[in-house]
Amino acid sequence: MDLFDTKPLREPLASRMRPRNLDEYVGQAHIIGKGRLLRRAIQADQLTSVIFYGPPGTGKTTLARVIANHTKSNFVTLNAVLTGVADIREAIKNADDWKKHYDKRTILFVDEVHRWNKSQQDALLPWVENGTFILIGATTENPFFEVNRALVSRSRVFQLKPLSDDDLMKAARQAIRDSARGYGRWRVEFEDGALEHLVRTANGDARSLLNALELAVETTPEKWPPADGSIIYISKETAEESIQKKVVLYDKDGDYHYDIISAFIKSLRGRDPDAAMYWLARMVRAGEDASFIFRRMLISACEDTGLADPNAITVVQSCASAFDRVGMPEGRYFLAHAALYLATAPKSNSSMAFFDALSSVEKEDADVPNHLRDSSRDAEQFGHGDGYLYPHAYRDHWVAQQYLPSALVGRVFYTPTEQGYEAKIREDVLRRREIQISAILEKTVRKPDSGASCGMHPLPKFAADFANPFGEWWTGSVFGINSVQKEENLTYSPEDEKKEDALSRADKSWRCRIESNRAEVLSQLRDAMISIAELKRHSRSLVMGADDGLLIWEVARKTPEGITCGTCRSDDGMKILEQYSRTLDDLDRPVLVLGTDLPSALLHFRGKEIEFDRIFVREPFRTADSISDFAGSLRAASDGSGFHGRIVVSQRVPKNGQRLSALVSKIAPPSSDILSLSESMRKAEDELFADSALGGMFSWDGSDVSRVLKERGFSVVLASKRIEEKRRVSDGEIDAWFDSARSQYGKAVVPALGGGAERVRNHLKSFCRSSLVSWQSEILFLSIDVVR
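Residues numbered from 1 in each chain as written. Predicted model: local features only at pLDDT ≥ 70, side-chain atom pairs only at ≥ 80, totals over all residues. Heavy atoms only, no water.

## What about the sheet that holds strand 11 (residues 591-594)?
Consider a sheet: its strands pair through backbone hydrogen bonds, and that pairing is either parallel or antiparallel.
Argument step 1. Within the open sheet, the seven strands sit side by side as 11-10-9-12-13-15-14. Their pairing is mixed. Both outer strands of the open sheet, strand 11 and strand 14 (715-727), are each paired with one neighbouring strand and no more. Direction aside, the axes of adjacent strands within the sheet are offset by 15 degrees on average.
Argument step 2. As paired elements, strand 14 and strand 15 (residues 773-786) share 13 bridges and run antiparallel to each other. (Pairing = 2+ DSSP bridges. Helix = DSSP H or I, 4+ residues; strand = E, 2+ residues; numbered from the N terminus. Axes fitted to C-alpha atoms, helices over the stretch in contact; angles between N-to-C directions.)

What follows is the structure, given as structure tokens:
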């Protein structure tokens, strides 16, 4: 029977409730959320070969079924466990016929694709390469280990994660409300905490949850199905019984057998050698199997003696090996020797730390931190292992870094005792643990914004290297972002040279139009914003004011399984961007729209079923009043369109930027009146930049921006950087600055210079005509997190 054939009415609830379309699909928003690449590909019926990788119950087969319902292509399913090369050849022949006779492609869904051996996978490869098949593979195993490398390199890989409790709750409520496929015909009610217990215990597996829900609902009435409209009340006890884990029990006759060995082990634990000898003699006299006694002593050597004497297990194992060589009756010496050693050894049950850890695992199945994952096969694709610090490269062959999952940071399982050998290692274990937890907390707690980096305060020493001022380490230090523990990539696309070439050409286009070192400066600003955004490969990004091309191409490059959109200030700017994107495939092109208003842009794209989790904004502030306007715009965007994610802002701060008086002072001839006039300019500038009566045109800085945004309820992290740009200043710019009729700067400075204004202006023009100016600016960076 085909995997997606219609099934009988009484099929399991989990099968009946399989989503039929994208809107019914629950979870995996990182790959199937609105605006994500996979969703757009399914909707446009432009799917390329993909592999879905994730644990059971996360929706891999369901997603394939949704694709089958959407596509106009011929859709074929195979199960790798049940099919062989002959089935593959038959599928190839049929697909080739569809292509020749109907000009239709075939989508081949292979469930448990990792179960195919190399020859089976190789048989499929040429037909995937020539386009006869679009492959959809589903696997619970890492495809970079278990699937033919050639197949993986021709497929996009999407990693599905265990569903969240919210996702599972949504799936349960869908089943309860659905009258046709679920239990909507009856009034299903739950005791407080009963449904929540089912959700928590399902551990991210929708199938497990729905199976338990089915058992709870359909075994509660005396007869199934009850009359329509009946109340079905699910108690906590019923919920617990419906999803309990089956425990395999082993039982033997003869309680006496177990009582004696229990007394023996407890005597060893209690360090009573006399009692240990007595119970050992009872067992040997009764003919107990010596291997059974040694097995229990091996357990005791670790469970009860433990690291208080790490030689204990070696002694017991040696005695067991000697017994096997000698046998009875002399073998009783080895039994006695091992028992006496254990009965007199110092005791520590610190190995029980494992069971504390096991209890934690059963309660919460946390992911392996990305930097600890195996990087031997998929470092480039998933980013596994990125950020790992190799201990042997450090002094004492140790370095503080996170080894526990993020949800368990700070959890203590092992506490060394003060017995025997453990007393020697106790101080070192505790000291390293304190250092490690301190280091992790320092990196993971976001530093509060003190505003100290704004104004004319010097930057921290680590930010002074202009050659790479916005590197990952600098951003992590200033923004309090853990630069060691990186999130894994949940999606992967094979390298597309055509796309990379197109993006590179587009990216270079704006550089060619920029003189001196401005392109270098802008590149560093771009890299800083992208670093702060912490983009994922599946991020959905909106670039406001994308006309200049600074951000949009690099953002698109870094989010191949997401989407990049931009607003343009002018029709000409939009046409230029569209021209450069024509060589990209439809699904890879940035989506552009005219307009500069953020709330309107978000609503526009939402109407196209595109939602965002990253927004980039440059230079949004002109006055202090515009800060409030921007905050209001963000609040409107959040409330009106439901946006939640990170907004990254870069902004020049005029108050802390280049002072013209400093430039005039620098180029003034010694002992000239120009030097004294520059001092008059400086005083006038100080008054101008402190004057709030001008609508806050010049008087604001980063602390004002942070304060206003926080008053509106936003989470804000702020940093700033002083940069130096080599630029050419034109006569027109200088005339505009000194225009006392039209320029606020001119109105403030020209009167302060009196008759010397013209001399200063002419001297400045003369210098700038022949020299580039080192222009100082302060760039403010904001990371604004908008949460639900």
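Now that the structure has been shown, the text picks up again.
## Let's talk about the environment of Ser321
Argument step 1. Relative to the elements of secondary structure, Ser321 occurs in helix 16 (residues 312-326).
Argument step 2. Along the sequence, Ser321 and Phe294 sit 27 residues apart, while their C-alpha atoms lie 9.8 Å from each other.

## A word on unusual backbone geometry
Argument step 1. Along the chain, Trp224 connects to Pro225 via a cis peptide bond; the corresponding omega equals 0 degrees.
Argument step 2. Mapped onto the elements, Pro225 comes out in the loop between helix 11 (206-219) and strand 7 (231-234).

## With respect to helix 9 (residues 165-177)
Argument step 1. Along its 13 residues, helix 9 runs 18 Å from first to last C-alpha, staying within 8% of the 18 Å computed at 1.5 Å per residue.
Argument step 2. Of the residues making up helix 9, those classed as buried are Leu168, Met169, Ala171, Ala172, Ala175 and Ile176. Within helix 9, the buried residues cover an arc of 160 degrees as seen down the axis, which keeps them to one side. Exposed residues pointing more than 90 degrees away from the buried face of helix 9 are listed as Asp166 and Arg177.
Argument step 3. Tucked inside the fold, the buried residues of helix 9 contact helix 1 (13-16), strand 6 (187-190), helix 10 (194-202) and helix 11. (Expected span 1.5 Å × (residues − 1). Buried < 20%, exposed > 50% of the residue type's maximum accessible area, 1.4 Å probe, protein only. Arc of directions from axis to C-beta. Contact = heavy atoms within 4.5 Å.)

## Topic: the side chain of Glu11
Argument step 1. Note on placement: Glu11 falls in the segment before helix 1.
Argument step 2. Looking at Glu11, the relative accessible area reads 16%, which means it is buried.
Argument step 3. Side-chain polar atoms of Glu11 contact the side chain of Ser15, separated by 2.6 Å.
Argument step 4. What Glu11 contacts, discounting residues up to four positions off in sequence, is Arg16 and Glu214. (Polar contact = N/O pair within 3.5 Å; in protein donor to acceptor, adjacent residues only side chain to side chain.)

## Considering the nonpolar core
Argument step 1. The biggest cluster of nonpolar side chains holds 34 residues, and the ones touching the most others in it are Leu542, Ile615, Ile647, Leu709, Leu782 and Ile784.
Argument step 2. Listed by contribution, the elements that provide at least two residues to this core are strand 10 (563-568), helix 26 (598-607), strand 12 (614-618), helix 27 (624-641), strand 13 (645-652), helix 30 (702-711), strand 14 and strand 15.
Argument step 3. By residue number, the principal contributor to this core is helix 27, which donates five residues.
Argument step 4. For Leu782, the residues in contact, after removing those within four places along its chain, are Phe621, Ile647, Val648, Val649, Val705, Leu709, Val716, Val717 and Leu718. (Core = buried A, V, L, I, M, F, W, Y, C linked by side-chain atoms within 4.5 Å.)

## Notes on a nonpolar patch on the surface
Argument step 1. Together, Met352, Phe354, Phe355 and Leu358 make up a nonpolar patch on the protein surface, roughly 370 Å² of accessible area in all.
Argument step 2. Following the sequence through the fold, Met352 ends up in the loop between helix 17 (331-344) and helix 18 (353-363). (Patch = residues over 30% accessible without salt bridge, like charges linked within 9 Å, V, L, I, M, F, W, Y side chains within 5 Å. Areas by Shrake-Rupley, 256 points an atom, 1.4 Å probe, with all protein chains shown as cover. Salt bridge = Lys/Arg side-chain N within 4 Å of Asp/Glu carboxyl O.)

## Focus: the packing of helix 14 (residues 273-285) against helix 17
Argument step 1. With their axes 9 Å apart at the nearest point, helix 14 and helix 17 run at an angle of 150 degrees to one another. When the interaxial angle is binned, helix 14 and helix 17 end up roughly antiparallel. In this structure, helix 14 meets helix 17 at a crossing whose hand is right-handed. Contacts between helix 14 and helix 17 involve Pro273, Ala276, Met277, Leu280 and Val284 from the first element and Arg332, Leu335, Ala336, Ala339, Leu340, Ala343 and Thr344 from the second.
Argument step 2. Its residues placed into classes, the contact of helix 14 with helix 17 shows ten nonpolar, one polar and one charged. (Parallel < 35°, antiparallel > 145°, perpendicular 65-115°, else oblique. Left-handed = near helix turned anticlockwise from the far one by under 90°. Nonpolar A, V, L, I, M, F, W, Y, C, P; charged D, E, K, R; others polar.)

## A closer look at the packing of aromatic side chains
Argument step 1. Throughout the structure, instances matching the rule amount to eleven aromatic pairs.
Argument step 2. An angle of 85 degrees between the planes, with centres 5.3 Å apart, marks the rings of Phe621 and Phe630 as edge-to-face.
Argument step 3. Seen in terms of ring centroids, Trp737 and Trp775 are 5.6 Å apart; in terms of plane orientation they differ by 20 degrees. Their pairing is stacked. With Trp737 in helix 31 (residues 731-737) and Trp775 in strand 15, this residue pair connects regions lying 38 residues apart in the sequence.
Argument step 4. Taken together, the ring pairs connect Tyr183, Trp186 and Trp224 into an aromatic cluster.
Argument step 5. Seen from the ring of Phe714, Arg635 lies directly overhead, with NZ or CZ sitting 4.3 Å from the centre.
Argument step 6. One cation-aromatic arrangement involves Arg727 over Trp775; the distance from NZ or CZ to the ring centre is 4.9 Å. (Phe/Tyr/Trp six-rings, centres within 6.5 Å; stacked < 30°, edge-to-face > 60°. Lys NZ or Arg CZ within 6 Å of the ring centre and 35° of its normal.)

## Focus: the side chain of Ser300
Argument step 1. Structurally, Ser300 is set in helix 15 (residues 290-305).
Argument step 2. Contact partners of Ser300, with chain neighbours within four places excluded, come to Ile265, Leu268, Thr305 and Leu342.

## Some words on the confidence of the model for the chain
Argument step 1. Taken as a whole, the chain shows an average pLDDT of 78; of its residues, 78% reach a score of 70 or greater.
Argument step 2. Looking at the elements of the chain, mean pLDDT is at its lowest for helix 21 (residues 472-479), recorded as 37, and at its highest for strand 12, recorded as 94.
Argument step 3. Within the model, pLDDT remains below 50 along residues 245-255, and this stretch shows two contacts once partners closer than five positions in the same chain are excluded.
Argument step 4. Counting contacts from residues 444-485, a segment whose pLDDT is below 50, to residues more than four positions away or on other chains yields 90 contacts. (pLDDT = per-residue confidence, 0-100.)

## Some remarks on the environment of Asp111
Argument step 1. Here Asp111 shows up in strand 3 (residues 106-111).
Argument step 2. Owing to a relative accessible area of 13%, Asp111 belongs among the buried residues under this scheme.
Argument step 3. A C-alpha to C-alpha distance of 9.7 Å links Asp111 and Thr140, two positions 29 residues apart in sequence.
Argument step 4. With residues near it in sequence (within four places) discarded, Asp111 still touches Thr61, Leu78, Asn79, Ala80 and Ala138.

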